[in-house]
Amino acid sequence: MKRLTLPSFLLSSALFVACGPAPQPTQQPEPTTTEQSVTNIELVETALDAQLAATAAQVGADVHALEINEPVTGTVSPADAAPLAIELVSDSRMPWQYGATLTRAQVRAQIGTTLANDIERYINTGESYTAVVYGWSRETQPDYCSTGHFYTLVFNQARFVMTVEVNGGNEC
C-alpha cells in the first residue's frame, strides 16, 4: 500500500503546454470558492476491480484508485489532489504542468466513454466529480515529442481520487 501526505501549500500550478494525441481541453478558469483550502491530504492506493483493470489495459491507460484518508470530511479539490497523486502513482520527475479544469463531458471525450463508465461504476455513488488534467511533452528525437496526460478525478462523497495516465507521442 502506497501512502503520501503533503501540505497543500507545497502544491503549485502552471500553464499546460499543449501536446499529445488527446484533444486539448477548453481552458477554463480555476473555480473560485469561499471554502478554505485543505492543509493536509492523505491518499492511500487501493486495488482496482478486475473489470476496470482490464478496460484500462485494453485502452493503454494507467489507472489508479486512491482513497482520501485525510481530511476525513469536507471537499478536496482536484488542484490540491493532482500533484499528490502524481507523486504517488506517476513519475514525478517528468515536467508535469497544469492543463485545465475539466467537465465530466470533457473527461469522457478525452479518456473514452468505456473507461469513464467503468470508473463511475467502480465508484458506484452516482455523484458528479471534479477533474483536472496535467501534461508534459519533451523532444525525444528530431521532430518527435514524447507526451503524457494525467487526469485526476475527485469523488468527494465516495472519498476517492481516480487517476488516469496516458502516455504517447507526436510530431513536434
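Above this text is the structure in question.
A brief look at the structure comes next. (Residues numbered from 1 in each chain as written. Predicted model: local features only at pLDDT ≥ 70, side-chain atom pairs only at ≥ 80, totals over all residues. Heavy atoms only, no water.)

### What about the packing of helix α1 (residues 50-59) against helix α4 (residues 113-123)?
For step 1, the next point in the chain: At their nearest, the axes of α1 and α4 sit 10 Å apart, and the two run at 160° to each other. If you check the angle between α1 and α4, you find them roughly antiparallel. As α1 packs across α4, the resulting crossing turns out to be left-handed. Side by side, α1 and α4 meet where Gln51, Leu52, Thr55, Ala56 and Val59 of the first sit next to Thr114, Leu115, Asp118, Ile119, Arg121 and Tyr122 of the second. (Axes fitted to C-alpha atoms, helices over the stretch in contact; angles between N-to-C directions. Helix = DSSP H or I, 4+ residues; strand = E, 2+ residues; numbered from the N terminus. Parallel < 35°, antiparallel > 145°, perpendicular 65-115°, else oblique. Left-handed = near helix turned anticlockwise from the far one by under 90°. Contact = heavy atoms within 4.5 Å.)

### Some details on the state of the cysteines
For step 1, the next point in the chain: Overall, the coordinates contain one disulfide when judged by the stated rule.
For step 2, the next point in the chain: What pairs with Cys145 in a disulfide is Cys172, and their sulfur atoms sit 2.1 Å apart. Between Cys145 and Cys172 the sulfur-sulfur dihedral comes to about 90°; the bridge is accordingly right-handed. Of this pair, Cys145 sits in strand β6 (residues 144-155) while Cys172 sits in the segment after β7 (160-171); the two residues are 27 residues apart in sequence, bridging distant segments of the chain.
For step 3, the next point in the chain: What makes Cys145 buried here is its relative accessible area of 7%. (Disulfide = S-S within 2.5 Å. Buried < 20%, exposed > 50% of the residue type's maximum accessible area, 1.4 Å probe, protein only.)

### Digging into the packing of helix α3 (residues 104-111) against α4
For step 1, the next point in the chain: Between α3 and α4, the least distance of the axes is 6 Å, while the angle of their chain directions is 125°. What the angle tells us is that α3 and α4 run oblique. Note on element contacts: α4 touches α3 through Thr113, Leu115, Ala116, Asn117, Ile119 and Glu120, opposite Arg104, Arg108 and Ile111.
For step 2, the next point in the chain: A breakdown of the residues in the contact of α3 with α4 according to their chemical character gives four nonpolar, two polar and three charged. (Nonpolar A, V, L, I, M, F, W, Y, C, P; charged D, E, K, R; others polar.)

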